[in-house]
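# Architecture at a glance
Letter by letter, the chains look like this.
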Amino acid sequence: MHDTVSVTGTPRSGDSEQYLTFRLDGLDYGIPIMQVQEIRGWTKVTPLPNSPRYIKGVLNLRGTIVPIIDLRLRFNLDEVPYDALTVIVVVNVGGRLAGLVVDAVSDVIALAPEDRRTPPEFEGQANRQFVQGLTQVDDKLLVLIDVDKLINQETLAEAAEAAA
Amino acid sequence: MAIDLRRFHSTYFEESLEGVAVMEAELLDIERMLQRSGGAQELDAERLNRIFRAAHSIKGGSGTFGFADVAHFAHALESLLDEIRSGRRALDLEVVGLLMRAVDCLRAFLLAARDGAAPPAEAEALRGALERAQTAGRPASSALEPVASTGSGWEIEFHPHERFFHTGNDPLRLLRTLAELGQLVVRADTSRLPAWEQFDPELCYLGWSLTLQKPVARSALDEVFAWVVGDCELQLRPIAAATAPSDPGPKTEEKGATSIRVATAKVDALVDIVGELVITQTMLSQLVEDFTPERLARLRAGVAQLERHTRDLQDAVLGIRMLPIGFVFSRFPRLARDVSAMLGKQVELAISGERTELDKAIIERITDPLTHLVRNAIDHGIETPEERRRAGKPAYGSIRLDAYHKAGNVVIEVSDDGRGLDRQRILAKARALGLVAPEAELEPAQIDELIFMPGFSTAESINDLSGRGVGLDVVRSNIRALGGGVEVSSVPGRGTRFIIRLPLTLAIVDGMSLQVGSEIYILPLAWIAETLRVQPERVSQPAGGPEIISVRGEYLPLLRLDRLFNLPARARELDQGIVVIIEADGRRAGLFVDELLGQQQVVLKSLEPHCARLEGISAATILGDGTVALILDAGSLVRQAYSAASLAAPVALGAAQAAFSTALH
């Protein structure tokens, strides 16, 4: 791999896009910073009855009711107890809000489009649809998430039906 | 130089549409008077003036905001009105009909301009008709001046004479006025400027080359320069259409955005209350700053004051969302006119209580159900003039729309003096549809209720008015969705009355907080019939199926909220918790919870758009500690209770009610 690594926080070209990176079960993930509205510590949420397990509930975000999604559970990873580092990343995609529970946030990096690789196609890879691309930062894999698909109402509805 | 006028567009459209409504209402009155007097009618100058003024402001506004085609059309309308006003053109039914169509077209124009859609197709033909009507009543002499430029704008050469200022004119004012017509490019010609020592500040040395990038009417430009024609060199040249693209920008703006126009008094009241709140807050912070136990009484008083102001503020803010029901009622005279004309019936519509205020959201969503009821009244209720005469009634059928406040609700009544509900036919139809068992005996009121059943319609012929397959069941479910209800009463031969009850606002409900496990839910009080502790022996599980509770000889399905929502409940045994009897859609069910925490008013927060809809949950609210509590949907819970219990018919209910519930499954 001859991928050049973008240095933290320094946009290299006009086309580069900034990503917020966070950790989930030992792996680094990134979402476009333009889709991040705020980051807040974990607080107790109100559970929604008969919802998929990964929807932890709803939170009052200054008067707006926002659903909170546990990304570990969404990606079928092991559930861990929430601790001081656990944060909720509130994303805003096309005016729709959702909170994503992640292990910890790491950094903000700039990525040029040419740094992004299409993920390989595997059969039966359940969560492939949420992966927008792959890249390398400091020789470590960074998975870029398609937030739009992740909090898409249809996807949630389908999941709800599957859970029912 | 260009001023962005787009932010004023929503106001312009709102005002123009109001103007259209005024014109329509006045025209309807004029038409009615003409019909009564059988044609010739003394002109009511003030009425006509109101129509004229409305048309004039729409024309003016449209010109200002660059909607040239609207302005053009409004101009033709205004010209005809002017002819009538000055008495050169007689006002007869034919002209009123034409004006009415023109008003419709103007409304379509405005809506199309607002939503960025294509202008109405009939506009050109109608404008022609308006212009012809203008000349028809008098010797055909002057045709309309050519009002529109064919191109996409104007090149204007404007060179004031030196003594321009002496006549009291200001070229800047003219430029500003032009800029209001559309995007204006201004180039100053400074070639006549003298040397500094020869400069006379009272003389005008400048000239301007202007490009107005908007195909406004020539007359609009003439109006701008009307006062200065003798004092300047002026050349107007239309720009050919191909050279400059027309400005597509503003039309797509603001689609879907809604706004409210609020009475100034309401805003003033709001400002006053906020002032009071600030004072109270200052007082409280000072009190807390150096607090001693002796001051507790004052602190209590301060908190009580804060509470009062908060409540006032809540009322005032909700008041801003309140609109008079007249906004909806005002469309019905026209509807009644059109529908009755189409059906060959004579109908008089009387309206009262149009100042009764309702939440804007309710106003918007009650329009369709009301329209349906008014149409129904004309179509099914009111008889033809001959039938009415035979029955000894006046030929004009009467329909009344009333609105008033009653016990924290708004009541709207739609009544007619028509033939009343035909109970025999309704019953026959219901039996044919299998909604009622053949042998069941029903009270008259129960038969009347049948018209709200899904799929029920007694219309003999499917016309394009009422028998569209959308029946009163939709009306009822729409009104229920607003938290209201609708009932019917009828006297054969005398008429029918629909009574609609609506809450004042959708934003706040009185609720009961319930605890289940560690969660708190809110159940709107309106759905609660009673609450009771039950002895376990009152609950049975016939044939090992769902639980049934016996309440005073009535057997109801029992829903345990903890099981339904998969929650760990504290109350394992029935006598540890409490049962809330909920009632929705005429059916009752028991809801088992751990504990009742008390009544409180809660502000409704929609779960959508961020969350998906959930069965059993209607909305959410935010509690005093900032956490979210979910609001239960009684209708959905009752439905679930009955489908889980799959009770073919709840035991010990009246035969008719049994028939209802079976029909609903």
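Residues numbered from 1 in each chain as written. Chains lettered and ligands numbered in written order. Predicted model: local features only at pLDDT ≥ 70, side-chain atom pairs only at ≥ 80, totals over all residues.

## Focus: the overall build of chain A
Along chain A, the regular secondary structure elements total 3 helices and 10 strands. Going from N to C terminus, chain A has its helices and strands arranged as β-β-β-β-β-α-β-β-β-β-β-α-α. Buried residues in chain A amount to 33% of all 164 residues. Sequence separation of 24 or more characterises 57% of the internal contacts of chain A that already satisfy a separation of 6 or more. (Helix = DSSP H or I, 4+ residues; strand = E, 2+ residues; numbered from the N terminus. Buried ≥ 20, exposed ≤ 12 C-beta atoms within 10 Å, placed from the backbone. Contact = placed C-beta atoms within 7 Å.)

## Details of the overall build of chain B
Scanning chain B for helices and strands turns up 19 helices and 22 strands. The buried share of chain B, reckoned over its 665 residues, is 31%. Considering only intrachain contacts with a sequence separation of at least 6, the fraction spanning at least 24 residues in chain B is 72%.

## A few points about the sheet that holds strand β6 (residues 87-93) of chain A
All names here are of chain A. Here we have 5 strands laid out as an open sheet, ordered β3-β6-β7-β5-β4, and mixed in their pairing. One side of each edge strand has no neighbouring strand; the edge strands of this open sheet are β3 (36-41) and β4 (55-61). Averaged over all adjacent pairs, the angle separating strand axes in this sheet is 30°, with direction ignored. (Pairing = 2+ DSSP bridges. Axes fitted to C-alpha atoms, helices over the stretch in contact; angles between N-to-C directions.)

## Focus on the nonpolar core
Within the largest apolar cluster, 74 residues are counted, with the highest numbers of intra-cluster contacts made by A:V58 and B:L591. For B:L591, the residues in contact, after removing those within four places along its chain, are B:L559, B:L561, B:V579, B:V580, B:I582 and B:L637. Within the second largest apolar cluster, 50 residues are counted, among which are B:I30, B:L81, B:L130 and B:I156. (Core = buried A, V, L, I, M, F, W, Y, C linked by C-beta atoms within 7 Å.)

## Some thoughts on the packing of helix α1 (residues 9-37) of chain B against helix α2 (residues 45-64) of chain B
Residues and elements named next belong to chain B. In the contact formed by α1 and α2, the axes pass within 9 Å of each other and the chain directions differ by 155°. Considered as vectors, α1 and α2 are oriented roughly antiparallel to each other. Seen from above, α1 lies across α2 with left-handed handedness. Here Y12, E15, S16, G19, V22, M23, E26, L27, D29 and I30 of α1 lie close against α2, whose contacting residues are R47, R50, I51, A54, A55, S57, I58 and G61. (Parallel < 35°, antiparallel > 145°, perpendicular 65-115°, else oblique. Left-handed = near helix turned anticlockwise from the far one by under 90°.)

## Quick word on helix α8 (residues 264-289) of chain B
A rise of 1.5 Å per residue sets the reference length of α8(B), with its 26 residues, at 38 Å; its end C-alpha atoms lie 37 Å apart and thus fit the reference within 8%. Judged by how many residues are buried, α8(B) sits mostly at the surface: 1 of 26 residues are covered. (Expected span 1.5 Å × (residues − 1).)

## Overview of the environment of B:L504
As for its placement among the helices and strands, B:L504 is situated in the loop between β11 (495-503) and β12 (508-516). Expressed as a C-alpha distance, the spacing of B:L504 and B:H405, which sit 99 residues apart in the sequence, is 8.8 Å.

## Remarks on the sheet that holds strand β2 (residues 27-32) of chain A
All names here are of chain A. Strands sit in the order β8-β1-β2-β10-β9 across an open sheet of 5 strands; the sheet is mixed. The two strands at the open ends of the sheet, each matched to only one other strand, are β8 (104-111) and β9 (131-137). If you compare each strand with its neighbour and ignore which way they point, the axes differ by 30° on average. Summarising the sheet, β2 and strand β10 (residues 140-145) pair through 3 bridges and their orientation is parallel. Counterpart to G30 in the pairing with β10 is L144.

## Structural notes on the interface of chain A and chain B
Many structure descriptions define interface size as the accessible area lost when the parts assemble. Between chain A and chain B, the contact holds 20 residues from the first and 19 residues from the second. Contributing elements (two or more residues each) for the side of chain A that touches chain B: β4, β5 (64-70), β7 (96-102) and α3 (153-163) of chain A. Residue contributions to the side of chain A that touches chain B peak at 4 residues, all from α3(A). Taken together, the residues that form the side of chain A that touches chain B break down as 13 nonpolar, 6 polar and 1 charged. (Nonpolar A, V, L, I, M, F, W, Y, C, P; charged D, E, K, R; others polar.)

## Re the confidence of the model for chain A
Residues and elements named next belong to chain A. On average, residues of chain A score 80 in pLDDT, and 80% of them are at 70 or above. Ranking the elements of chain A by mean pLDDT puts α3 last, at 51, and β6 first, at 93. For residues 1-13, every residue scores under 50 in pLDDT, and the model assigns this stretch 23 contacts once sequence neighbours within four places are set aside. (pLDDT = per-residue confidence, 0-100.)

## What about the pairing of strand β13 (residues 519-524) of chain B?
All names here are of chain B. Within β13, 5 of the 6 residues are buried, leaving the element largely enclosed by the surrounding structure. Of the strand pairs in this sheet, β12 and β13 are connected by 6 bridges, and their pairing is antiparallel. Along β13, the bridge assignment pairs L514 with Y521. Between β12 and β13, which follow one another and run antiparallel, lie 2 residues, and G517 among them has a positive phi close to 60°. When β13 meets strand β22 (residues 628-632), the two strands line up parallel, connected through 2 bridges. Following the sheet pairing, Y521 is matched in β22 by L630.

## Remarks on the packing of α1(B) against helix α11 (residues 332-343) of chain B
All names here are of chain B. At a closest axis distance of 10 Å, the pairing of α1 and α11 adopts a crossing angle of 50°. When the interaxial angle is binned, α1 and α11 end up oblique. The hand of the α1/α11 crossing is left-handed. Residue-level inspection shows E24, A25 and L28 of α1 in contact with α11, the latter providing P333, R334 and R337.

## A few points about unusual backbone geometry
For residues besides glycine, phi is generally negative; the peptide bonds are generally trans as well. Residue and element names in this part refer to chain A. Of note, the phi angle at D138 is positive, near 50°, even though the residue is not glycine. Mapped onto the secondary structure, D138 falls in the loop between β9 and β10. Residue classification places D138 among the exposed residues on the basis of 10 C-beta atoms within 10 Å.

## Concerning the pairing of strand β1 (residues 153-160) of chain B
Residue and element names in this part refer to chain B. Pairing of β1 with strand β4 (residues 232-239), which is carried by 8 bridges, proceeds in the antiparallel orientation. Bridging from a neighbouring strand, W154 pairs with P238 of β4. Sheet topology places β1 next to strand β3 (residues 207-212); 5 bridges connect them, and they run antiparallel. The partner of E155 across the bridge, within β3, is T211.

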